[in-house]
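Geometric and topological summary
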Amino acid sequence: KVLRLPNGIRVGEKVFHTSGLRGAYETAEAKCVQAGGVLASPRNADENRALLEIRKSHNENIILGINDIQTEGTFRYPGGETIGFTNWSKNEPNDAGGEDCVEMLENGLWNDFPCNGEKLIVCEY
Ligand code: GN1
Ligand code: CA
Ligand code: CA
């Protein structure tokens, strides 16, 4: 089976793909839904590693679908389910000044950041 795509990667039954565009959370999630997917939301270490490959090849932080917009401190996937895997950077999430969206940093660890920040959009299918 083909594992690598020109701008994406397959991990298990999931495919992560990026068009290389940046956007803030609402725009980013809407673009993914329009394309038939959702914003990238790694659910285990394998998926996180796969997404990190895209992070490295584009050299830009990735906005995840995971957020605590609905209830401060409770992080959910785009579908509303509470998250079952985390990969927070040290001292994160800190909601510094009000941060309800999550980005993947250079090392694959996660930071919460303000949802109006524009990051690399990666969708999952
Ligand atoms: C950034 O710029 P600073 O240090 O105030 C980051 C926070 C992190 C923090 C970690 C907009 O905040 O989310 O928790 O670094 N801010 C942004 O040191 O990404
Ligand atoms: Ca928050
Ligand atoms: Ca933070």
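For the structure, check the block above.
Notes on the structure in this doc start here. (Residues numbered from 1 in each chain as written. Chains lettered and ligands numbered in written order. Predicted model: local features only at pLDDT ≥ 70, side-chain atom pairs only at ≥ 80, totals over all residues. Heavy atoms only, no water.)

Digging into helix α2 (residues 45–58)
A turn of α-helix holds 3.6 residues, and therefore any two residues three or four places apart point the same way. Taking 1.5 Å per residue, 14 residues should reach 20 Å; α2 reaches 20 Å between its end C-alpha atoms and fits that length. Along α2, the positions that sit buried rather than exposed are Glu47, Asn48, Ala50, Leu51, Leu52, Ile54 and Arg55. Those residues of α2 hidden inside the fold are in contact with β2 (8–11), β3 (14–23), β5 (62–71), β7 (101–104), β8 (110–113) and β9 (119–124). Where α2 begins, the side chain of Asn44 points an oxygen toward the backbone nitrogen of Asp46, at a separation of 3.1 Å. One or two positions beyond α2, positive phi appears at Asn59, with a value near 50°. (Helix = DSSP H or I, 4+ residues; strand = E, 2+ residues; numbered from the N terminus. Expected span 1.5 Å × (residues − 1). Buried < 20%, exposed > 50% of the residue type's maximum accessible area, 1.4 Å probe, protein only. Contact = heavy atoms within 4.5 Å. Polar contact = N/O pair within 3.5 Å; in protein donor to acceptor, adjacent residues only side chain to side chain.)

Observations concerning the coordination of the calcium ion (ligand 3)
Geometry reference: four tetrahedral donors at a metal, ideal angle 109.5 degrees. Six octahedral donors, ideal angles 90 or 180 degrees. Glu92 (OE), Asn94 (OD1), Glu99 (OE), Asn111 (OD1), Asp112 (O) and Asp112 (OD) make up the full set of protein donors to the calcium ion (ligand 3), lying at 2.2 to 2.6 Å. Along the chain, the residues that donate to the calcium ion (ligand 3) are spaced as E-x1-N-x4-E-x11-N-D. With Glu92 in the loop between β6 (74–76) and β7 and Asn111 in strand β8, the pair connects residues that are 19 residues apart, well separated along the chain. (Donors = N, O, S within 2.8 Å, 3.2 Å for Na, K, Ca; no water.)

Notes on the site of ligand 1
The environment of ligand 1 is made up of Glu92, Asn94, Glu99, Glu103, Asn111, Asp112, Phe113 and Pro114. Between ligand 1 and Asn94 there is a distance of 2.8 Å, counted from an oxygen atom to a side-chain nitrogen or oxygen. Here ligand 1, which alone exposes 440 Å², has 39% of that area covered by the protein. Here the shell around ligand 1 gets three residues from one element, more than from any other, and that element is β8. Residue composition of the shell around ligand 1, grouped by class: two nonpolar, two polar and four charged. (Near = heavy atom within 4 Å. Areas by Shrake-Rupley, 256 points an atom, 1.4 Å probe, with all protein chains shown as cover. Nonpolar A, V, L, I, M, F, W, Y, C, P; charged D, E, K, R; others polar.)

Re the coordination of the calcium ion (ligand 2)
Only Asp68 (OD), Asp68 (OD), Glu72 (OE), Glu72 (OE), Asp95 (OD), Glu99 (O) and Asp100 (OD) from the protein coordinate the calcium ion (ligand 2), and they sit 2.3 to 2.7 Å from it. When the donors of the calcium ion (ligand 2) are listed by position in the chain, the intervening gaps give D-x3-E-x22-D-x3-E-D. Since its relative accessible area comes to 25%, Asp95 is described here as partly exposed. The exposure class of Glu99 is buried, given its relative accessible area of 9%.

Quick notes on the state of the cysteines
All told, the structure shown has two disulfides when counted by the stated rule. Through a disulfide, Cys32 is tied to Cys123; the S-S separation comes to 2.0 Å. Measuring handedness by torsion sign, the sulfur bridge of Cys32 and Cys123 sits at about -85° and is left-handed. Taken together, the residues span a long stretch of sequence, with Cys32 in helix α1 (residues 25–34) and Cys123 in strand β9 at a distance of 91 residues. Here Cys32 falls in the buried class, since its relative accessible area comes to 0%. Residue Cys101 pairs covalently with Cys115 via a disulfide, S to S 2.1 Å. On the sign convention where negative means left-handed, the S-S torsion of about 100° between Cys101 and Cys115 marks this disulfide as right-handed. Of this pair, Cys101 sits in strand β7 while Cys115 is found in the loop between β8 and β9, placing the two residues 14 residues apart along the sequence. Since its relative accessible area comes to 0%, Cys101 is described here as buried. A relative accessible area of 22% means that Cys115 is categorised as partly exposed. Cysteines bonded in the protein are numbered consecutively along the chain; their disulfide partners then correspond to 1-4, 2-3. (Disulfide = S-S within 2.5 Å.)

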